[in-house]
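A closer look at the structure
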Amino acid sequence: MQLKQTLKFAAFAVSAFGMVCSAQAADKVYQVGSNMAFAPFEFVEDGKPAGFDMDLIVAIMKTQGAEVQLNNLPFDGLIPALQAGTIDIAMSGMTITEERKKRVSFSEPYYDNGLVVLVRAADKDKFKSIDDIKGKTLCAQIGTTGAITAGKMSGKNVKLFNNGPEAFMELNNKGCDAVVHDKPVVNYYVAKRGDKDVVVLPGQLNSEQTGIAVAKDNKELLKMVNDGLKAVKENGEYDRLYKKWFGQ
């Protein structure tokens, strides 16, 4: 699926205290870009940003005396937006990779992640392991490590979508044999929907670490983010948010 990249975005003004406010209220408001179709990390609920990442970046910047404005962008537009200066921070469940590190700077890792495979329950006898989907028609989110991994497994036999929910819908509509996506997102989708028509295959395709991205040369902001991340881990806020969104 060919998707048109755009840097137009919907902005949600959010203070460092988690309240919706005017961006003019602060001397410095940092623009945060996120693809808000990645629950439980980031999504829109009742017209407002929600999720682990959204709460976490607000908490991180609060410790630094700063406010943020949350902007909803396509995932594949986040790094170009950082490079263009349209946003200051990308907070979107982004896996730290060597290729991305050539273009942006990452914070210390804040979440250990991994890719899993989702198939229709009707196919669970046909696809009993991850190896069974190699060469099959796969769905994934454009610009993600899931898309890269799916390509390695099935070559050009991969359908790319703007977000996870679109890929899940294509699977339900029998447009592909499996979806390759992030474990917590897949698990949240299945649990939230109570969907018995799909199942997650045993095991993971890999292990990944998630980081917060800033422009390559913005060392001052990178230090702020890392200092803030350390602070929320030390004051217990990180653990509170983790339990809130992942239940552990």
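Keep in mind that this is a model prediction, so the values were computed, not measured.

A word on the overall build of the chain. Regarding its fold elements, the chain presents 8 helices and 15 strands. Looking at the 248 residues of the chain, the share that counts as buried comes to 54%. Entry remark: accessible area of the chain is about 11900 Å², with carbon and sulfur atoms responsible for 48%.

Within the largest apolar cluster, 36 residues are counted, with the highest numbers of intra-cluster contacts made by Phe52, Leu56, Ile57, Met61, Ile89, Met91 and Tyr110. Counting residues per element, the ones that place at least two in this core are β2 (29-34), α1 (52-62), β6 (67-72), β7 (89-95), β15 (208-215), α7 (219-234) and α8 (237-246). Counting residues per element, this core draws most heavily on α1, at 8 residues. The contacts of Tyr110, once residues within four sequence positions are left out, are Phe52, Asp53, Leu56, Met91, Gly93, Thr210, Gly211, Ile212, Leu229, Lys233 and Tyr238. Counting 15 residues, the second-largest nonpolar core is a separate cluster that includes Val117, Phe127, Ala147 and Ala178.

Attention shifts here to the sheet that holds strand β14 (residues 198-200). Here we have 5 strands laid out as an open sheet, ordered β12-β11-β13-β10-β14, and mixed in their pairing. Two strands in the sheet have a free side with no partner beyond their single neighbour: β12 (158-161) and β14. Averaged over all pairs of adjacent strands, the angle between strand axes in this sheet comes to 30°, irrespective of strand direction. Inspection of the sheet shows strand β11 (residues 138-141) paired to strand β13 (residues 178-182) by 2 bridges, in the parallel sense.

With that settled, the discussion passes to the state of the cysteines. Going through the model one piece at a time under the given rule, you end up with 1 disulfide. Between the sulfur atoms of Cys139 and its disulfide mate Cys176 the distance is 2.4 Å. Between Cys139 and Cys176 the sulfur-sulfur dihedral comes to about -120°; the bridge is accordingly left-handed. Placement of Cys139 in strand β11 and of Cys176 in the loop between α5 (164-172) and β13 is noted, with a sequence separation of 37 residues between them. Since its relative accessible area comes to 0%, Cys139 is described here as buried.

Since there are 3.6 residues in each turn of an α-helix, residues three or four apart along the chain are aligned in direction. Those residues of α5 that fall on the buried side of the exposure criterion are Gly164, Ala167, Phe168, Glu170 and Leu171. Buried residues in α5, looked at end-on, bunch into an arc of 160°, giving them a common side. Where α5 starts, the residue carrying a side-chain oxygen 3.0 Å from the main-chain nitrogen of Glu166 turns out to be Asn163. Just downstream of α5 lies Lys174, where phi reads positive at about 65°.

For β15, the tally of buried residues reaches 7 of 8 residues, placing the bulk of the element in the interior. Of the strand pairs in this sheet, β7 and β15 are connected by 4 bridges, and their pairing is antiparallel. Among the inter-strand pairings, Ile89 is bridged to a residue of β15, identified as Val214. The pairing of strand β8 (residues 104-106) with β15 spans 3 bridges and is classified as antiparallel. Opposite Val104, over in β15, you have Ala215 as the bridge partner. For strand β9 (residues 111-113) and β15, the ladder comprises 3 bridges, and the chain directions are antiparallel. If you follow Asn113 over to β15, its bridge partner there is Glu208.

Here is what the cut-offs are and how they apply
Residues numbered from 1 in each chain as written. Predicted model: local features only at pLDDT ≥ 70, side-chain atom pairs only at ≥ 80, totals over all residues. Heavy atoms only, no water. Helix = DSSP H or I, 4+ residues; strand = E, 2+ residues; numbered from the N terminus. Buried < 20%, exposed > 50% of the residue type's maximum accessible area, 1.4 Å probe, protein only. Areas by Shrake-Rupley, 256 points an atom, 1.4 Å probe, with all protein chains shown as cover. Core = buried A, V, L, I, M, F, W, Y, C linked by side-chain atoms within 4.5 Å. Contact = heavy atoms within 4.5 Å. Pairing = 2+ DSSP bridges. Axes fitted to C-alpha atoms, helices over the stretch in contact; angles between N-to-C directions. Disulfide = S-S within 2.5 Å. Arc of directions from axis to C-beta. Polar contact = N/O pair within 3.5 Å; in protein donor to acceptor, adjacent residues only side chain to side chain.

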